[in-house]
Protein chains: 2
Amino acid sequence: MLEVKTPEEVLRLIEKVFYPADRSETVSLAEALGRVLAEDVSAEEYVPDFDRSTVDGYALHAKDTFGCSDAIPAILNLAGEVKMGEGAAVRVPRDACAYVPTGGAIPEGCDCAVMIEYTEDYGDGTIGILKPGVPGMNLIFRGDDVFPGKTVLCASRVLAPQDIGALAAIGKTQVSVRPRLRVGVISTGYELVPVDRKPGPGQVRDVNSPMLTALLKEFGAEPVDFGIVVDDEKLLREKTLDAAENCDAVILSGGSSAGVKDAACRIIGELGELLLHGIAIKPGKPTILGRAGNKPLIGLPGHPVAAFFVAKLFVLPLLARLEGRTLRSWPVRAELSESLNANHGRMQMNACRLAEEDGKLTAVPIRSKSGLITQLAGADGYLMIDRDCEGLPKNSEVEIYWQ
Amino acid sequence: MLEVKTPEEVLRLIEKVFYPADRSETVSLAEALGRVLAEDVSAEEYVPDFDRSTVDGYALHAKDTFGCSDAIPAILNLAGEVKMGEGAAVRVPRDACAYVPTGGAIPEGCDCAVMIEYTEDYGDGTIGILKPGVPGMNLIFRGDDVFPGKTVLCASRVLAPQDIGALAAIGKTQVSVRPRLRVGVISTGYELVPVDRKPGPGQVRDVNSPMLTALLKEFGAEPVDFGIVVDDEKLLREKTLDAAENCDAVILSGGSSAGVKDAACRIIGELGELLLHGIAIKPGKPTILGRAGNKPLIGLPGHPVAAFFVAKLFVLPLLARLEGRTLRSWPVRAELSESLNANHGRMQMNACRLAEEDGKLTAVPIRSKSGLITQLAGADGYLMIDRDCEGLPKNSEVEIYWQ
């Protein structure tokens, strides 16, 4: 018999038993948002590939302007103009300057740009410089942003819009990413009917399949819906085998009765190895975890709220582990609007709404009986109360996980 | 001439000038994740539609067990068993009980369930109850979760996985949501080449189009890429008009030279009304905002980093306003790893990485020259330094926006 494990033990078990699969596929830059980088990305070019001005002004040799001022301008010959999108063809000898727009190329030999606000065009082919240039002033040098061999993004990063921008800058039109994980979702329970059917006496709708499917999509996995299986061990074994063969991970949910839980344990044991039976959290205790090779086989509680918390806290980190994905999520601090009791030796999860007033964030816990999905509807996040904590007083500072 | 506005003034202007369009479309529940609810959703049924047990145990009349204990059990006749997914057909007279699994229907007249752990099956058709029942104990009553007319989710909510679960529970297979906003993206600049082309002398790749497209996708809008327009006022006018006719909002980006900025202002003025020229933030000052009716026409700075921050801080709230979307995002608190200077009368944005050690979160600012896109690559979030603040010392507590 496996012992009930603490959340920390479960996360350590996941790190120990599962490992990132070394797989990749190539997608176009337009499809790369939200995907997990399979390898480091290095630049192959200089960006920018030329020295650029960061201002509208005049490119010049700084030493020609040393000592100048409003009162005693340096007077330089206007050698020409740099046009946007063209190389700096204009030659700028000593004691001369060239007009250059923001982002324009700096002519060879020039070592700074003076903003147009600090110059005066005398209209006779000469320009007065009212403020001395300093070498490097208002310039971005060739390769200042990136140069060949520079690592721009590291493997395991989930690509954000700013990363798409960086990849565009270095001309990466194709990106090597992790294939989306295929995750089989099976709901079990005699009492379940699909969402589009009206429940008869003693029946309820299957909430977990659509909820888990949405959670997996949001995470960036590819859910595969295997539908509802009634609590029949043979059928459940067949479906689970089918899912395990065709997916990277399998989630069974429901089957709240003891018999079905035992059946799920037996099936997972037959397909591979049972690793875990029970997590010391509330709600969410009746959770099962096993594996067939590196494929996780997960048995979630039937109660939607419990299934939701276990999926957030353990299933997503487990899927991230399979991808070698860097999971980044941090709680926000808020003030608890009312006291919350907890006294049961298990870490307690509680959904809450967040309210902001005058820059102060308040967490309003949503109270409801166990298993009521409306506890989650409209929730902004959740808090965790430590197993050793007997409750939180009103106005205490809490950490809210909201992503 | 319009004055430069502070960030707060810009956000107030957005709220004042633009309004949510009263539009909706119907999507299936499977497509509803991340969409914006167009109206409140109320239940039409009871969930659950019957009194349910929350434990494996015996349904009974509480008063038949008052005063019982381990030493003096209440002995009840076993009237039958409730099966999952079936109504509670079994009749339970006084001084009797029926086995009921977790989630099973409670037979009529019974008012509580006693956990199987506190009972003993004598094998002769009687069950010993070792702990008194209390009316309502271990029950979820009909309609405890929802009842006809109860509002389950409010309009403007961006549907999260837990909301999909709640909609499934009440049988909503179709959801009324806001149509995705079509946002035209136009890049301007003679110096720009598409990502798949190698820049020639004086040229750089168009970073803003793919970056803004990704940002809009992540937000849940539908970007429409109008490509690169060279700095030609006539062409730019045609493209902008085309985009304004076919989209709900238009973003022009780039055109860093003064001439193009003036052209963008003229074009926006011709199409509608120019509302704003310049925001007191760094980077991001050269931002233009106008409108044609309720359609925003936005001119973003050409520097990708500036364009990114302005898009995050102002364009997304503006799009949310057009949808009546509730934008929910809160910063996390972290300790600054090194001092940061700021002294220029504008709010300063700085990208940073977040590092976690022993539960302590540290923000490491990413330093780079203006306009370098690699400042953003791999960034976890950003912080804002107030316009009146001259800098932040090392180890100061900062708020990091990371979503």
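Residues numbered from 1 in each chain as written. Chains lettered and ligands numbered in written order. Predicted model: local features only at pLDDT ≥ 70, side-chain atom pairs only at ≥ 80, totals over all residues. Heavy atoms only, no water.

A. Looking closely at the overall build of chain A. Tallying secondary structure elements over chain A gives six helices and 28 strands in all. On C-alpha atoms alone, chain A measures out to a radius of gyration of 31 Å, which is more than a quarter above the 22 Å that the 2.2 N^0.38 rule sets for 403 residues. In chain A, of all internal contacts separated by at least 6 residues, the share reaching a separation of at least 24 is 72%. Accessible area for chain A stands at about 16800 Å²; split by element, carbon and sulfur atoms hold 48% of it. Distance from the positive charge centre (43 side chains) to the negative charge centre (56 side chains) of chain A: 9 Å. (Helix = DSSP H or I, 4+ residues; strand = E, 2+ residues; numbered from the N terminus. Rg over C-alpha atoms; globule rule 2.2 N^0.38 Å. Contact = heavy atoms within 4.5 Å. Areas by Shrake-Rupley, 256 points an atom, 1.4 Å probe, with all protein chains shown as cover. Lys, Arg positive; Asp, Glu negative; His and termini not counted. Charge placed at Lys NZ, Arg CZ, Asp CG, Glu CD.)

B. The sheet that holds strand E6 (residues 96-100) of chain B, seen in detail. All names here are of chain B. A sheet is described by the order of its strands in space; here six strands give the open sequence E7-E4-E6-E5-E9-E8, paired in mixed fashion. Looking at strand neighbours, the two that pair on one side only are strand E7 (112-115) and strand E8 (119-121), the edges of this open sheet. Recorded for the sheet is a direction-independent mean angle of 40 degrees between the axes of neighbouring strands. Strand direction decides the pairing type here: strand E5 (residues 74-81) and E6, joined by four bridges, are parallel. (Pairing = 2+ DSSP bridges. Axes fitted to C-alpha atoms, helices over the stretch in contact; angles between N-to-C directions.)

C. Representation of the relation of the copies chain B and chain A within the structure. With an RMSD of 0.1 Å, chain B superimposes on chain A once it is rotated by 180 degrees and translated 0.0 Å along the axis. In the structure described here, the two chain copies are related by an operation that fits a two-fold rotation axis. Residues of chain B ranked by C-alpha distance from the rotation axis are headed by Val332(B), positioned 2.5 Å from it. Of the residues that chain B buries at the interface, 100% are likewise interface residues in chain A, meaning the two copies contact each other through the same surface. (Least-squares fit on C-alpha atoms with pLDDT ≥ 70 in both.)

D. The arrangement of the packing of aromatic side chains in detail. All names here are of chain A. Taken as a whole, this structure holds eleven aromatic pairs over all chains when the rule is applied. Judged by centre distance (5.7 Å) and plane angle (80 degrees), the rings of Tyr58 and Tyr99 are edge-to-face. Here the residue Tyr58 occupies a position in strand E4 (residues 57-60), and Tyr99 occupies one in strand E6 (residues 96-100), the gap between them amounting to 41 residues. For Tyr99, a relative accessible area of 22% translates into the label partly exposed. On the numbers, 5.4 Å between centres and 75 degrees between planes, the contact of Phe309 with Tyr382 is edge-to-face. Taken together, the residues Phe309 in helix H6 (residues 304-323) and Tyr382 in strand E26 (residues 381-385) connect sequence positions 73 residues apart. Connected via pairs of aromatic rings, a cluster forms that spans Phe308, Phe309, Tyr382 and Tyr401. (Phe/Tyr/Trp six-rings, centres within 6.5 Å; stacked < 30°, edge-to-face > 60°. Buried < 20%, exposed > 50% of the residue type's maximum accessible area, 1.4 Å probe, protein only.)

E. Local environment of the side chain of Thr126(B). Residue and element names in this part refer to chain B. Here Thr126 is to be found in strand E9 (residues 126-129). With relative accessibility at 14%, the residue Thr126 sits in the buried group. A distance of 2.5 Å separates polar atoms of two side chains, one belonging to Thr126 and the other to Asp124. In this structure Thr126 touches Ile75, Leu76, Asn77, Leu78, Glu120 and Asp121, once residues within four positions along its chain are discounted. (Polar contact = N/O pair within 3.5 Å; in protein donor to acceptor, adjacent residues only side chain to side chain.)

F. Examining the confidence of the model for chain A more closely. Of all residues in chain A, 98% have pLDDT values of 70 or greater, and the mean over the chain is 93. Here the complex is predicted with pTM 0.94, and the ipTM for its interfaces comes to 0.94. (pLDDT = per-residue confidence, 0-100.)

G. Region of interest: unusual backbone geometry. Note that the residue after Val47(A), namely Pro48(A), is joined by a cis bond; omega there is -10 degrees. Tracing the backbone shows Pro48(A) in the loop between strand E2 (41-42) and strand E3 (52-53). A cis amide bond links Lys282(B) to the next residue, Pro283(B), at an omega of -5 degrees. If you trace the backbone, Pro283(B) turns up in the loop between strand E19 (281-282) and strand E20 (288-292). Here the phi dihedral of Ser156(B) falls at roughly 85 degrees; this positive angle occurs in a residue that is not glycine.

H. Seen up close, the pattern of salt bridges. Counting across every chain of the model gives 43 salt bridges over all chains. Residue Glu323(A) pairs with Arg325(A) through a salt bridge whose shortest N-O separation is 2.7 Å. As a salt-bridge pair, Arg321(B) and Glu15(B) come within 3.3 Å of each other at their nearest N and O atoms. Of this pair, Arg321(B) sits in helix H6 (residues 304-323) while Glu15(B) sits in helix H1 (residues 7-17), placing them 306 residues apart in sequence. The class of Glu15(B) is partly exposed, set by a relative accessible area of 43%. Through salt bridges with shared partners, a single ionic network connects Arg157(A), Asp163(A), Arg328(A) and Asp380(B). (Salt bridge = Lys/Arg side-chain N within 4 Å of Asp/Glu carboxyl O.)

I. Molecular detail of the interface of chain B and chain A. Counting residues at the interface gives 82 residues for chain B, matched by 82 residues for chain A. At the boundary of chain B with chain A, total buried surface from both sides reaches about 6800 Å², with 61% on carbon and sulfur atoms. The largest contributions to the chain B side of the interface with chain A come from Gln162(B), Trp330(B) and Trp402(B), which together make up 10% of the buried area. Run the count over chain B and chain A and you get nine salt bridges. We note a salt bridge from Glu45(B) to Arg205(A), for which the minimum N-O separation is 2.9 Å. Counting every contact that joins chain B to chain A gives 26 residue pairs in polar contact (both at pLDDT 80 or more). When residues of the side of chain B that touches chain A are traced back to their parent elements, those giving at least two are strand E10 (139-140), strand E11 (151-153), helix H2 (161-169), strand E15 (204-205), helix H3 (208-219), strand E22 (332-336) and strand E24 (347-357) of chain B. (Buried area = accessible area lost by both parts, 1.4 Å probe.)

J. Examining the packing of H1(B) against H6(B) more closely. Residue and element names in this part refer to chain B. H6 packs onto H1 with a crossing angle of 20 degrees between their chain directions and a minimal axis gap of 10 Å. Comparing their axes, H6 and H1 come out roughly parallel. For the pair H1 and H6, the crossing hand works out as right-handed. Mapping the contact onto sequence places Pro7, Val10, Leu11, Ile14 and Glu15 in H1 and Leu313, Phe314, Pro317, Leu318 and Arg321 in H6. (Parallel < 35°, antiparallel > 145°, perpendicular 65-115°, else oblique. Left-handed = near helix turned anticlockwise from the far one by under 90°.)

K. Up close: the nonpolar core. Core analysis: the biggest nonpolar cluster contains 69 residues, and Leu289(A), Leu300(A), Leu319(A) and Leu159(B) have the highest contact counts within it. When residues of this core are assigned to their parent elements, the largest contribution, 14 residues, is made by H6(A). If near-sequence neighbours (up to four positions away) are discounted, Leu319(A) is found in contact with Leu181(A), Val183(A), Leu216(A), Phe219(A) and Ala249(A). (Core = buried A, V, L, I, M, F, W, Y, C linked by side-chain atoms within 4.5 Å.)

L. Seen up close, a nonpolar patch on the surface. Residues and elements named next belong to chain A. Taken together, Tyr190, Val230 and Leu235 make up a surface patch of nonpolar side chains, about 250 Å² in accessible area. The topology assignment puts Leu235 in helix H4 (residues 233-246). Relative accessible area serves as the criterion here: at 41%, Leu235 is assigned to the partly exposed category. (Patch = residues over 30% accessible without salt bridge, like charges linked within 9 Å, V, L, I, M, F, W, Y side chains within 5 Å.)

M. View of H2(B). The buried count for H2(B) comes to nine of nine residues, which makes it a mostly enclosed element. Of all the positions in H2(B), only Pro161(B), Gln162(B), Asp163(B), Ile164(B), Gly165(B), Ala166(B), Leu167(B), Ala168(B) and Ala169(B) are classed as buried. Residues of H2(B) that are buried in the fold lie against strand E15 (204-205), helix H3 (208-219) and H6 of chain A together with strand E2 (41-42), E11 and strand E12 (174-177) of chain B. Directly beyond the C-terminal end of H2(B), a positive phi value near 75 degrees is found at Gly171(B).

N. Molecular detail of the sheet that holds E4(A). Residues and elements named next belong to chain A. Spatial ordering of the open sheet is given by E7-E4-E6-E5-E9-E8, a layout of six strands whose pairing is mixed. Every other strand in the sheet has two partners, leaving strand E7 (112-115) and strand E8 (119-121) as the edge strands with one partner each. Between one strand and the next, the sheet's axes are offset by a mean angle of 40 degrees, whatever the strand orientation. Summarising the sheet, E4 and E7 pair through four bridges and their orientation is antiparallel. Residue pairing across strands places Gly57 opposite Met115, the latter belonging to E7.

O. Structural context of the packing of helix H2 (residues 161-169) of chain A against H3(B). Contact geometry of H2(A) with H3(B) gives a least axis separation of 8 Å together with a crossing angle of 160 degrees. By the angle class used here, H2(A) and H3(B) are roughly antiparallel. The way H2(A) lies across H3(B) gives a crossing that is right-handed. Contacts between H2(A) and H3(B) pair Pro161(A), Gln162(A), Ile164(A), Gly165(A) and Ala168(A) from the former with Pro210(B), Met211(B), Ala214(B), Leu215(B) and Glu218(B) from the latter. For the contact of H2(A) with H3(B), the class distribution of residues is seven nonpolar, two polar and one charged. (Nonpolar A, V, L, I, M, F, W, Y, C, P; charged D, E, K, R; others polar.)

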